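Chain and residue survey
Spelled out, the chains give:
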Amino acid sequence: QPVLAQAKARGVNVYLFVSPQHVWAHFYEDAAHRTRVHEMFKLRLRKMAEDLASLPGAGRVELWDFDGLDSVTLEDVPPSGSKLDTHYFWEHSHFKTTTGNAIIAAMLGGPGGIDGFGVRLDRVDVAAHLGETRKKLEAWANTHPDDAALLRQAAMRKVACGGGKETADGDN
């Protein structure tokens, strides 16, 4: 944080963002009882951004969340053995250039933006935003029962093998 505070004090705009992860990662976290950890991270990040924005300096502070559930993160995974590929992700947490360009376009303007992708977390009611994400995750599970079952089973194996539940502080 001291580096960011110095940058803001010198008039540098600070852009913070939460990277997108595929809905499979969201559902896996939820099935492993880790959603609260992820939500607490976003709440703490919001507080950090607010504190940073309140410091002296001409630099602007923006906090973006690209990890909600939207057309990018809700992309369907092609069937196993298919020659099809996903458009936005290499796998659950590593996104492709198209996605990176959309992140930059959302934050800075320019071409390559995707409608509805990215939310200014410093401008919304975070609790409502997180609640909406939970509702979208439930709706996804209802429309993708096979994927949800696969992920639920994988999460339960990890818990049974000592992966355990993490606390809101991230401790096992």
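Residues numbered from 1 in each chain as written. Predicted model: local features only at pLDDT ≥ 70, side-chain atom pairs only at ≥ 80, totals over all residues. Heavy atoms only, no water.

1. Details of the overall build of the protein
Within the protein, the secondary structure is distributed over six helices and three strands. Referenced to the eigenvectors of the C-alpha coordinate spread, the extents of the protein come out at roughly 50 × 40 × 25 Å. Going through the 172 residues of the protein one by one, you find that 38% of them count as buried. Considering only contacts in the protein between residues 6 or more positions apart, those separated by 24 or more positions represent 71%. Put simply, the protein shows about 9800 Å² of open surface, and 56% of that area lies on carbon and sulfur atoms. With 20 positive and 23 negative side-chain charges, the protein shows a separation of 4 Å between the mean positions of the two kinds. (Helix = DSSP H or I, 4+ residues; strand = E, 2+ residues; numbered from the N terminus. Buried < 20%, exposed > 50% of the residue type's maximum accessible area, 1.4 Å probe, protein only. Contact = heavy atoms within 4.5 Å. Areas by Shrake-Rupley, 256 points an atom, 1.4 Å probe, with all protein chains shown as cover. Lys, Arg positive; Asp, Glu negative; His and termini not counted. Charge placed at Lys NZ, Arg CZ, Asp CG, Glu CD.)

2. Quick word on the nonpolar core
It is characteristic of soluble globular proteins that their nonpolar side chains tend to be buried jointly. By size, the foremost hydrophobic cluster in this structure holds 12 residues: Ala 7, Val 14, Leu 16, Val 18, Leu 45, Ala 49, Leu 52, Val 61, Leu 63, Leu 121, Val 126 and Leu 130. Sequence-distant contacts of Ala 7, defined by excluding residues within four places in its chain, comprise Val 12 and Val 14. (Core = buried A, V, L, I, M, F, W, Y, C linked by side-chain atoms within 4.5 Å.)

3. Observations regarding the pattern of salt bridges
Considering all chains together, one arrives at nine salt bridges under this definition. When the shortest N-O distance is used, the salt bridge between Glu 39 and Arg 134 registers 2.4 Å. One end of the pair, Glu 39, is in helix α3 (residues 35–53); the other, Arg 134, is in helix α5 (residues 126–143), and 95 residues separate them in sequence. One salt bridge in this structure joins Arg 46 and Glu 50, with 2.7 Å as the shortest N-O distance. In this pair, Arg 46 and Glu 50 are both assigned in helix α3, four residues apart and thus about one turn of the helix distant. Its relative accessible area of 16% is what places Arg 46 among the buried residues. (Salt bridge = Lys/Arg side-chain N within 4 Å of Asp/Glu carboxyl O.)

4. Some remarks on helix α2 (residues 23–31)
When α2 is considered as a whole, its buried residues turn out to be Val 23, Ala 25, His 26, Phe 27, Glu 29 and Ala 31. Phi turns positive, to about 65°, at His 33, one or two residues after α2.

5. Some words on the side chain of Glu 29
Here Glu 29 is to be found in helix α2. Arg 34 is the oppositely charged side chain nearest to the buried, salt-bridge-free Glu 29, at an N-O distance of 5.3 Å. Apart from the residues within four sequence positions on either side, Glu 29 is in contact with Gln 21, Arg 34, Thr 35 and His 38.

6. A few points about unusual backbone geometry
Phi angles above zero are rare outside glycine, and His 33 is one such case at about 65°. Structurally, the position occupied by His 33 is in the loop between α2 and α3.

7. Quick word on the pairing of strand β2 (residues 61–65)
On a regular strand, each side chain points to the face opposite its neighbour's, so the side chains alternate between the two faces of the sheet. Judged by how many residues are buried, β2 sits mostly within the fold: five of five residues are covered. Residues Val 61, Leu 63 and Asp 65 of β2 are buried on one face, and the alternating residues Glu 62 and Trp 64, pointing to the opposite face, are buried as well. Where strand β1 (residues 14–18) and β2 come together, five bridges link them in parallel fashion. Bridged to Leu 16 within β2 is Leu 63. As paired strands, β2 and strand β3 (residues 119–120) are joined by two bridges and run antiparallel to one another. Counterpart to Trp 64 in the pairing with β3 is Arg 120. (Pairing = 2+ DSSP bridges.)

8. Comments concerning the confidence of the model for the protein
Averaged over every residue, the pLDDT of the protein is 91; the share at 70 or more is 91%. Taken element by element, the predicted model of the protein shows its lowest mean pLDDT in helix α6 (residues 145–163) (80) and its highest in β2 (98). The model gives residues 166–172 a pLDDT under 50, and that stretch makes 15 contacts with residues more than four places away or in other chains. (pLDDT = per-residue confidence, 0-100.)

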